[in-house]
Amino acid sequence: SGLSDNLDEWFTVVLDVLMKPTFPSDELEKYKTRQKVQLKQQRAQPFVLANERFSRAVYGNHPASITLPTEQSIDALTSEKLAQWQKERYVPQSAILGIAGDVNANTLIPKLKKWFSEWKRTDLKESLPDNPTAVPTKKVYVVDRPNSVQTTINMGNIAIDRMSPDYIAVNVMNRVVGGGPAARLFINLREEKGYTYGVYSGFSAGKYSGPWFAGGDVRTEVTEGAMNEFLKELNRIRDERVPEGELDDCKRSLVAVFALSLEQPTQLLGYEITRKYYGLPKDYWDIYPNKIIAVSTDD
């Protein structure tokens, strides 16, 4: 991002980084040292360990099961490998260019065509791994971390991809169950039981299916009770209809958050890139609030 009135000057720097990057060995070595220190810090965090184990459990052999590098993989990085990877992957047919701001398309597009004229298409095509599938049976994994003062819980399973017709309904369902401090999990486990400072749910939906998940940190001595309440809420959303009043509140909340986000140019740009990336209809964001409001208890 930068100022509109000197776009020509700073955008040439962007182009230089994109098309003529360098990977100095001395800078790379400093980066690798920082990464290894950061890795040790991450592996000392219970949430990171739980998330790592959860990802391996739900994704299996899918590449998304890998959430952290190893020291060996960091050590194996070289300037030559990075340069080769960049040359092969940073290609125009794999890129989306989005611009938001005080600019004029009639003036800007001829400049972009000139600036990017040397960036040539290659034969590289997108190749995604097979779509992960849901784990068919309940499994429990424990990461033993002596002297922990809390239990970190993470549960879930593979759900949907971003192109799924159920995406908006799942978004509303997640808001009901654990999408904020007014959701069922938070009210149950924090407000009513006092087991935790906060528990939430969420889901990851990309070009391949990702998990819906729920979790948080609870006091060690109430681990069993917390697990029972998690399962109670998961069964409840599956077996019982959501009361109309609760559903309406959740839908209005989602629409209000979306409306506020439209005031931010970077968010508007993000929405348009999302639409382009996933091949969503041109009017997707125009009718998005109406689709949220239309979600029913049956959905």
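Everything numeric here is computed off the predicted structure, so don't read it as measured data. (Residues numbered from 1 in each chain as written. Predicted model: local features only at pLDDT ≥ 70, side-chain atom pairs only at ≥ 80, totals over all residues. Heavy atoms only, no water.)

Colleague: Any chance you could explain the pattern of salt bridges here in plain terms?
Modeller: Any two side chains of opposite charge can pair if their charged atoms end up close together. Tallied over the full model, the rule gives 16 salt bridges. Note that Arg 43 is salt-bridged to Glu 52, the shortest N-O span being 2.8 Å. Overall, Arg 43 belongs to the partly exposed group, its relative accessible area being 37%. Looking at Glu 52, the relative accessible area reads 14%, which means it is buried. Residues Glu 221 and Arg 219 are paired through a salt bridge, measuring 2.9 Å at the closest nitrogen-oxygen approach. Residue classification places Glu 221 among the exposed positions, given a relative accessible area of 62%. Linked by salt bridges that have partners in common, Lys 193, Glu 229 and Lys 232 make up one network. (Salt bridge = Lys/Arg side-chain N within 4 Å of Asp/Glu carboxyl O. Buried < 20%, exposed > 50% of the residue type's maximum accessible area, 1.4 Å probe, protein only.)

Colleague: Would you mind going over the packing of helix α8 (residues 184–192) against helix α9 (residues 223–239) with me for this structure?
Modeller: Axis angle and axis distance: for two packed helices, these are the angle between their axes and the distance between the axes, and together they describe the pair. Closest axis-to-axis distance for the α8/α9 pair is 10 Å, and the angle between their directions is 155°. It follows that α8 is roughly antiparallel to α9 by the angle criterion. Crossing angle aside, the handedness with which α8 passes α9 is right-handed. Seen from α8, the contacting residues are Arg 184, Leu 185, Asn 188 and Leu 189; seen from α9, they are Ala 226, Glu 229, Phe 230, Lys 232, Glu 233, Arg 236 and Ile 237. Residues of the contact of α8 with α9, tallied by class, amount to five nonpolar, one polar and five charged. (Axes fitted to C-alpha atoms, helices over the stretch in contact; angles between N-to-C directions. Helix = DSSP H or I, 4+ residues; strand = E, 2+ residues; numbered from the N terminus. Parallel < 35°, antiparallel > 145°, perpendicular 65-115°, else oblique. Left-handed = near helix turned anticlockwise from the far one by under 90°. Contact = heavy atoms within 4.5 Å. Nonpolar A, V, L, I, M, F, W, Y, C, P; charged D, E, K, R; others polar.)

Colleague: Which parts of the structure should I look at to understand α9?
Modeller: Helical geometry note: an α-helix holds 3.6 residues per turn, so side chains three or four residues apart project in the same direction. Compared with an ideal rise of 1.5 Å per residue, which puts 17 residues at 24 Å, α9 spans 24 Å between its outermost C-alpha atoms and is within 8% of the ideal. Residues Ala 226, Glu 229, Phe 230 and Glu 233 constitute the buried set of α9. All buried residues of α9 lie within an arc of 105° about the axis, which places them on one face of the element. Of the exposed residues in α9, the ones pointing more than 90 degrees away from its buried face are Glu 224, Arg 238 and Asp 239. Where the residues of α9 are buried, they touch β1 (150–158), α8, β2 (199–203) and β3 (211–219). (Expected span 1.5 Å × (residues − 1). Arc of directions from axis to C-beta.)

Colleague: Sorry if this is basic, but what is going on with the sheet that holds β2 here?
Modeller: Spatial ordering of the open sheet is given by β1-β3-β2, a layout of three strands whose pairing is antiparallel. Single-partner strands in this sheet number two, and they are β1 and β2. Strand after strand, the sheet turns through a mean of 15° between neighbouring axes, direction not considered. In this structure, β2 lies alongside β3, joined through five bridges in antiparallel fashion. Bridge pairing in β3 links Val 199 to Gly 216. In this fold helix α7 (residues 167–177) packs onto β2 and β3, with an angle of close to 175° to the strand it touches most, β2. (Pairing = 2+ DSSP bridges.)

Colleague: Explanation requested: the packing of aromatic side chains in the structure shown.
Modeller: Describing an aromatic ring pair means giving the distance of the ring centres and the angle of the ring planes. Summed over all chains, the structure comprises 15 aromatic pairs. On the basis of an interplanar angle of 20° and a centroid distance of 5.9 Å, the ring pair of Phe 258 and Trp 285 is categorised as stacked. Of the two residues, Phe 258 is situated in helix α10 (residues 244–261) and Trp 285 in the loop between α11 (265–278) and α12 (288–294); the sequence distance between them amounts to 27 residues. In terms of burial, Phe 258 and Trp 285 fall into one category: buried. The structure contains a cluster of three or more aromatic residues connected by ring pairs, namely Trp 10, Phe 11, Trp 115, Phe 116 and Trp 119. Between Arg 53 and the ring centre of Tyr 141, over which it is positioned, the NZ or CZ distance is 4.0 Å. (Phe/Tyr/Trp six-rings, centres within 6.5 Å; stacked < 30°, edge-to-face > 60°. Lys NZ or Arg CZ within 6 Å of the ring centre and 35° of its normal.)

Colleague: Can you help me understand the side chain of His 62 in this one?
Modeller: Positionally, His 62 belongs in the loop between α3 (46–59) and α4 (71–75). Residue class for His 62 comes out buried when judged on its relative accessible area of 7%. Of note is the side chain of His 62, whose polar atom sits 3.5 Å from the backbone oxygen of Asp 130. Residues within four places of His 62 in sequence aside, it is in contact with Pro 129, Asp 130, Pro 132 and Tyr 208. (Polar contact = N/O pair within 3.5 Å; in protein donor to acceptor, adjacent residues only side chain to side chain.)

Colleague: Would you take a moment to explain α3 for this structure?
Modeller: In a regular helix each residue adds 1.5 Å, so 14 residues correspond to 20 Å; α3 covers 20 Å between its end C-alpha atoms and thus fits that length. Along its buried surface, α3 packs onto α2 (25–42), β1 and β3. In the segment just after α3, Gly 60 is the residue with positive phi, at about 60°.

Colleague: Before we go on, may I ask you to explain the environment of Leu 97 in this structure?
Modeller: As for its placement among the helices and strands, Leu 97 is situated in the loop between α5 (79–89) and α6 (105–115). On a C-alpha basis, the gap between Leu 97 and Leu 112 in space is 9.9 Å, while along the polypeptide they are 15 residues apart. The residues contacting Leu 97, other than those within four sequence positions of it, are Leu 112 and Phe 116.

Colleague: Which parts of the structure should I look at to understand the side chain of Arg 175?
Modeller: Residue position: Arg 175 is located in helix α7. Although Arg 175 is buried, it forms no salt bridge, and the closest oppositely charged side chain is Glu 246 at an N-O distance of 7.6 Å. Non-local contacts of Arg 175, meaning those with residues more than four positions away in its chain, are made with Ala 182, Ala 183, Cys 250, Ser 253 and Leu 254. (Lys, Arg positive; Asp, Glu negative; His and termini not counted.)

Geometry only, nothing functional implied.
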